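If you want the building blocks of each chain, they are given just below.
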Amino acid sequence: MLTKRIIPCLDIRDGRTVKGVNFENIRDAGDPVELGAFYAAQGADELVFLDITATIEKRKTLSELVNRISHHINIPFTVGGGISSVDDVSVLLQNGADKISVNTSAYKNPQLIKDLAKEFGSQCIVLAIDTKLEADGNWYVYLNGGRVKTDSKCIDWAKQAVDLGAGEILLTSMNHDGTKQGFALDITATLVEILPVPIIASGGGGTMDHFVDVFTTAKADAALAASIFHFKEIAIPDLKAYLNEKGIIVRI
Amino acid sequence: MKLVIIKYNAGNIQSVLYALERIGVEAIVTDDHSAIMAADKVIFPGVGEASTAMQYLQDRQLDKLIVSLTQPVLGICLGMQLMCAYSEENNTQCLGIFEERVQKFQPNSIVQANLKVPQIGWNTITHLQTPIFNQIKENSYCYFVHGYYAALGEHTIAQTDYVQPYSSALHKNNFYGLQFHPEKSAGIGEQILKNFIQL
């Protein structure tokens, strides 16, 4: 049986792992390569590295970081943050990344998804969506790390992106991110149901039962979390043992 | 020992190189015919689309070279699929080392609504045979990313179940194929790579 995946996410700024609450209040959480290797040894199924550095040197530093990661880590990893061209992706894959994630640049230029899928295959194109539930009851797409609201509904954009060739969706609920109150089960379940590609749920995982819920109720294919792992509130082996006890298929 | 990774237009060749480095084995990445022929062992990796990759191999006559190799050859993912006879992916005639056919996963939407294509993630390998699986336990987890699969056949040396049981590894004479990515399958994958190196 294909397992459900547990994915620690490492937000990188200037080469360090950082973590904010509701996309703000950033704290330091250590060296990303060390932390990544630690998670791999603990049984993480995959890693996501999101670069939130905003400097001109970014492209070079990111490819160097990816190169270091791929020399030390024996599980798949995805890299995201500021990727906006086929050339960007080519450099990252050559340095050992398995998948890349695109967000704002893909929204602004949907053709990018098509170009990337054609060049590298859908299996390595993860579309990240930051979404927020508004008072009108709809989930909207936000850009630029959650700072810019759009008029697009999450469901519409996700469908369009999959039609263009996105191979996976990394769905982050801004309402839930950093709150540790549980994942956004409804929008996750909706995407799982309507889309033919795997959905990675992100934002809000605070207890082991939240992971049970996102896998059983929302039927997410994977769950991503950051601070609860970085600050050792939940250890991956404990989480997997718990999920296994609850009858959820995980790699132990 | 000379280990060569065949260079062609399919992604993630670097990942295989780095995985070998992590287990302390040096390899060179090349498409040079004489270097490939002179190698003690050859790895044929790949992520990508079958017809484009086959065309690339044919343009450089790597197709004829690969089938003529007599040292141990390990195809990974698309590499394994290209070693089969035929792939449904864009109706591609492949190298024909293994007679098994490569088909697209067709989930039955009513029964298996939650199975997505491509299969992405960790799945078990069972019915393990041949020295390439030395010290690997039945039901070990390996990392898979693929939308097409090789059917079960006489050369199957490992099975995985997704939509239906299929060949997650093939073996015939000096040729081995793995559908999963040993270079990304944590300690299990490292052991399988070591086993190949020791063949």
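Residues numbered from 1 in each chain as written. Chains lettered and ligands numbered in written order. Predicted model: local features only at pLDDT ≥ 70, side-chain atom pairs only at ≥ 80, totals over all residues. Heavy atoms only, no water.

## Topic: the pattern of salt bridges
Residues and elements named next belong to chain A.
Then, number 1: In the structure shown here, the tally under the stated rule is 12 salt bridges over all chains.
Then, number 2: A salt bridge links Asp-31 to Arg-68; the nearest nitrogen and oxygen atoms lie 3.5 Å apart. Placement of Asp-31 in the loop between strand S3 (24–30) and helix H1 (32–42) and of Arg-68 in helix H2 (residues 58–72) is noted, with a sequence separation of 37 residues between them.
Then, number 3: Given the relative accessible area of 18%, Asp-31 is considered buried.
Then, number 4: In this structure, Lys-99 engages Glu-46 in a salt bridge whose closest nitrogen and oxygen atoms are separated by 2.8 Å. Taken together, the residues span a long stretch of sequence, with Lys-99 in strand S6 (residues 99–102) and Glu-46 in the loop between H1 and strand S4 (47–51) at a distance of 53 residues.
Then, number 5: According to the relative accessible area criterion, Lys-99 is buried, its value standing at 2%.
Then, number 6: Under the relative-accessibility criterion, Glu-46 is labelled buried at 1%.
Then, number 7: Through salt bridges that share partners, Arg-5, Glu-46, Lys-99 and Glu-168 make up one connected network. (Salt bridge = Lys/Arg side-chain N within 4 Å of Asp/Glu carboxyl O. Helix = DSSP H or I, 4+ residues; strand = E, 2+ residues; numbered from the N terminus. Buried < 20%, exposed > 50% of the residue type's maximum accessible area, 1.4 Å probe, protein only.)

## Description of the interface of chain B and chain A
Then, number 1: With 25 residues of chain B at the interface, the matching set in chain A holds 36 residues.
Then, number 2: Of the roughly 2,400 Å² buried at the junction of chain B and chain A (both faces included), carbon and sulfur atoms supply 54%.
Then, number 3: For chain B, the biggest contributors to the area lost against chain A are B:Lys116, B:Ile120 and B:Trp122; these three give 28% of the whole.
Then, number 4: Joining chain B to chain A, the criterion identifies two salt bridges.
Then, number 5: Where A:Asp98 meets B:Lys184, a salt bridge forms, and the shortest distance between an N and an O atom there is 2.9 Å.
Then, number 6: Taken together, the links from chain B to chain A amount to 14 residue pairs in polar contact (both at pLDDT 80 or more).
Then, number 7: Among the secondary structure elements, those contributing two or more residues to the side of chain B that touches chain A are helix H1 (13–22), strand S8 (119–125), strand S9 (140–146) and helix H6 (186–197) of chain B.
Then, number 8: The element contributing the most residues to the side of chain B that touches chain A is S8(B), with six residues.
Then, number 9: Here the side of chain B that touches chain A is built from residues that sort into 10 nonpolar, nine polar and six charged. (Contact = heavy atoms within 4.5 Å. Buried area = accessible area lost by both parts, 1.4 Å probe. Polar contact = N/O pair within 3.5 Å; in protein donor to acceptor, adjacent residues only side chain to side chain. Nonpolar A, V, L, I, M, F, W, Y, C, P; charged D, E, K, R; others polar.)

## Brief notes about the pairing of strand S5 (residues 77–80) of chain A
All names here are of chain A.
Then, number 1: Here S5 shows two buried faces, one formed by Phe-77 and Val-79 and the other by Thr-78 and Gly-80.
Then, number 2: In this structure, S4 lies alongside S5, joined through four bridges in parallel fashion. Bridge assignment links Leu-47 to a residue of S5, and that residue is Phe-77.
Then, number 3: Pairing geometry for S5 and S6, over three bridges, is parallel. Each residue of the ladder has a partner; that of Val-79, found in S6, is Ile-100.
Then, number 4: In this fold, S5 hands off to helix H3 (residues 86–94), which returns the chain to S6; that crossover is right-handed. (Pairing = 2+ DSSP bridges. Right-handed = clockwise from strand over helix to strand, strands pointing away.)

## A word on the pairing of strand S10 (residues 168–173) of chain A
Consecutive side chains along a regular strand alternate between the two faces of the sheet.
Residue and element names in this part refer to chain A.
Then, number 1: Most of S10 sits out of view: six of its six residues are buried.
Then, number 2: The two faces of S10 match: Glu-168, Leu-170 and Thr-172 on one face and Ile-169, Leu-171 and Ser-173 on the other face are all buried.
Then, number 3: The sheet contact formed by strand S7 (residues 125–133) and S10 spans six bridges and is parallel. Bridging across to S10, Asp-130 finds its partner in Thr-172.

## Focus on unusual backbone geometry
Then, number 1: The linkage connecting B:Val117 with the following residue, B:Pro118, adopts the cis geometry, with an omega of 5°.
Then, number 2: Looking at where B:Pro118 falls in the secondary structure, it is placed in the loop between strand S7 (98–104) and S8.
Then, number 3: A positive phi angle, close to 60°, is found at A:Lys219, a residue other than glycine.
Then, number 4: Tracing the backbone shows A:Lys219 in the loop between helix H8 (208–216) and strand S12 (222–225).
Then, number 5: Of the residues examined, A:Lys219 reaches a relative accessible area of 38% and is grouped as partly exposed.

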